[in-house]
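# Descriptive structure summary
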Amino acid sequence: MLKRTQEVACQQVLMEDNSVFSIQWTLLPESLAVGITPQLLAQRYLEYIRSCTWSVIRPCFGDDGLEFRFLNSRLSLIRFLPPVHGEGTLLLRICGGLLVQPRQCHRGELCFQVTPTDSGTRVSLQLSDYCPLLLGSPSPTLFHHWLYRLTQAAIHRLVTVRFLVLLYRDLAGVASPVQVVNVTVREGRNI
């Protein structure tokens, strides 16, 4: 029997080096997790990004990796190297784009994880070591911190939580009440 309430765990913090760490996850009952792989999770997430932005943001694969492009242009909002597959993970390393601080283009990664636990299968999306352009520099001002927090960070959290909710609903075939739970995975300044 499925849980009555789906929990989505979240944390978004600014690390000591002023990079962003963001993680969101949900626990799927084993009956729903059959066939879920990091590759499938990433594929569904990229499809979701395109649909939830009405194709304004278009994930595009090429020989040199993945780009989130603006509309049909060649304007890359964020670029990733080709995926790196690990046990239970698919890792996309950031390598540039308009949303990344120019001197920090080769920092950061987006990781899709599928992890068996005693309580089910945890599916998670984790953004680590990301240096967003909206923070302005490696030493962001209070204004830039709030600008990032109220725009890109809020959008990222909303999109990721909504993705996990829709994934659960699609797999279960029914909607469940959702509870978003703040967790602490790493120490940092909340954003």
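## Details of the overall build of the protein chain
- When you go through the protein chain residue by residue, the secondary structure sums to 3 helices and 11 strands.
- Moving toward the C terminus, one meets the helices and strands of the protein chain in the order β-β-α-α-β-β-β-β-β-β-β-α-β-β.
- Across its three principal axes, the protein chain shows a C-alpha extent of roughly 50 × 35 × 30 Å.
- Counting over 191 residues, the protein chain shows a buried share of 47%.
- At a minimum sequence separation of 6, the contacts of the protein chain that also span at least 24 residues come to 55%.
- With an accessible surface of roughly 10,200 Å², the protein chain has 56% of that area assigned to carbon and sulfur atoms.
- Distance from the positive charge centre (18 side chains) to the negative charge centre (14 side chains) of the protein chain: 8 Å.

## Observations concerning the environment of Val178
- Here Val178 shows up in strand β10 (residues 178-182).
- Its relative accessible area of 36% is what places Val178 among the partly exposed residues.
- On a C-alpha basis, the gap between Val178 and Val161 in space is 9.8 Å, while along the polypeptide they are 17 residues apart.
- Setting aside anything within four residues of it in sequence, one finds Val178 in contact with Thr5, Gln6, Val8 and Val165.

## Re the packing of helix α2 (residues 38-52) against helix α3 (residues 142-172)
- Following both chains from N to C, one finds α2 and α3 inclined at 115°, their axes separated by 10 Å at the closest point. Between α2 and α3 lies a crossing whose hand is right-handed. In this structure, α2 uses Leu41, Arg44, Tyr45, Tyr48, Ile49 and Cys52 to contact α3, whose residues at the interface are His156, Val159, Thr160, Arg162, Phe163, Leu166, Leu167, Asp170 and Leu171.
- Class assignment for the residues of the contact of α2 with α3 results in 10 nonpolar, 2 polar and 3 charged.

## Here's the deal with the layout of surface pockets
- Roughly 660 Å³ of volume is contained in the largest pocket.
- Around the largest pocket, the lining comprises 25 residues; the ones closest to its centre are Ile57, Phe68, Leu99, Gln152 and Ile155.
- Of all the secondary-structure elements, those providing two or more residues to the lining of the largest pocket are α2, β4 (65-70), β5 (76-80), β9 (120-130) and α3.
- Counting residues per element, the lining of the largest pocket draws most heavily on α3, which supplies 7 residues.
- When its residues are assigned to classes, the lining of the largest pocket shows 20 nonpolar, 5 polar and no charged.

## So, the environment of Ala154
- Among the secondary structure elements, Ala154 is positioned in helix α3.
- A C-alpha to C-alpha distance of 9.5 Å links Ala154 and Gln12, two positions 142 residues apart in sequence.
- Not counting residues up to four positions away in its chain, the partners in contact with Ala154 are Tyr148 and Arg149.

## A short note on a nonpolar patch on the surface
- A contiguous nonpolar surface patch, about 590 Å² in accessible area, is contributed by Trp54, Val56, Phe70, Leu71, Leu75 and Leu98.
- Inspection of the secondary structure assignment puts Trp54 in the loop between α2 and β3 (57-62).
- Classification of Trp54 by relative accessible area gives exposed; the value is 76%.

## Some points on the pairing of β5
- Within β5, 4 of the 5 residues are buried, which leaves it mostly tucked inside the rest of the structure.
- Examined bridge by bridge, β4 and β5 share 4 bridges and lie antiparallel to one another. The partner of Leu66 across the bridge, within β5, is Phe80.
- Pairing analysis gives 2 bridges linking β5 to strand β7 (residues 89-96), with the strands arranged antiparallel. Its bridge partner lying in β7, Phe80 is registered against Ile94.

## Description of α3
- Its 31 residues place the ends of α3 43 Å apart at the C-alpha level, agreeing with the 45 Å of an ideal helix rising 1.5 Å per residue.
- Of all the bends in α3, the largest measures some 40° and sits at Arg149.
- In the segment just after α3, Gly173 is the residue with positive phi, at about 85°.

Rules used in this analysis
- Per chain, residues are indexed from 1 in the order of the written sequence.
- Given that the model is predicted, a residue must reach a pLDDT of at least 70 before its local features are reported, and side-chain atom pairs must reach 80 or more before they are shown or counted; all residues, however, enter totals for whole chains, interfaces and linings.
- Side-chain measures were taken over the full set of non-hydrogen atoms in the model, leaving aside hydrogen atoms and water.
- We count a stretch as a helix when DSSP gives it H or I for four or more residues in a row; a strand needs E for two or more, and each element gets its number in order from the N terminus.
- Residue burial is assigned from relative accessible area. The probe radius is 1.4 Å, only protein chains are included, and a residue is buried under 20% of its type maximum, exposed over 50%, and partly exposed in between.
- Pairs of residues are marked as contacts when any of their non-hydrogen atoms sit within 4.5 Å.
- Note on areas: Shrake-Rupley, 1.4 Å probe, and residue coverage restricted to the protein chains presented here.
- We treat Lys and Arg as the positive residues and Asp and Glu as the negative residues; His and chain ends play no part in the count.
- By convention, the point assigned to a charge is CZ for Arg, NZ for Lys, CD for Glu and CG for Asp.
- Interaxial angle, 0 to 180 degrees, is taken between N-to-C directions of lines fitted to C-alpha atoms, where a helix line uses only the stretch in contact.
- Definitions for this section: a left-handed crossing has its near helix turned counterclockwise from the far helix by less than a right angle. A right-handed crossing has that turn clockwise.
- Three classes are used, and their members are as follows: Ala, Val, Leu, Ile, Met, Phe, Trp, Tyr, Cys and Pro are nonpolar, Asp, Glu, Lys and Arg are charged, and the others, Gly among them, are polar.
- Grid points spaced at 1 Å over the protein atoms alone were grouped into cavities, where a 1.4 Å probe fits but cannot get out, and pockets, open sets with protein on both sides within 12 Å along at least five of seven lines, with lining residues defined by an atom within 4 Å of a point.
- Grid points are joined across faces, edges and corners, and a volume is the space filled by probe spheres set on the points.
- What makes a patch is a set of residues exposed beyond 30% relative accessible area and free of salt bridges, joined within 9 Å when like-charged and within 5 Å when nonpolar (Val, Leu, Ile, Met, Phe, Trp, Tyr).
- One side-chain nitrogen of Lys or Arg within 4 Å of one carboxyl oxygen of Asp or Glu is enough to make a salt bridge.
- Here, a strand pair is defined by DSSP locating no fewer than two bridges between the strands.
- Helix span, expected: 1.5 Å multiplied by one less than the number of residues in the helix.
- By definition, a residue's bend is the angle between the axes fitted to the seven residues ending there and the seven starting there.

Everything listed is a geometric property; what it means functionally is a separate question.
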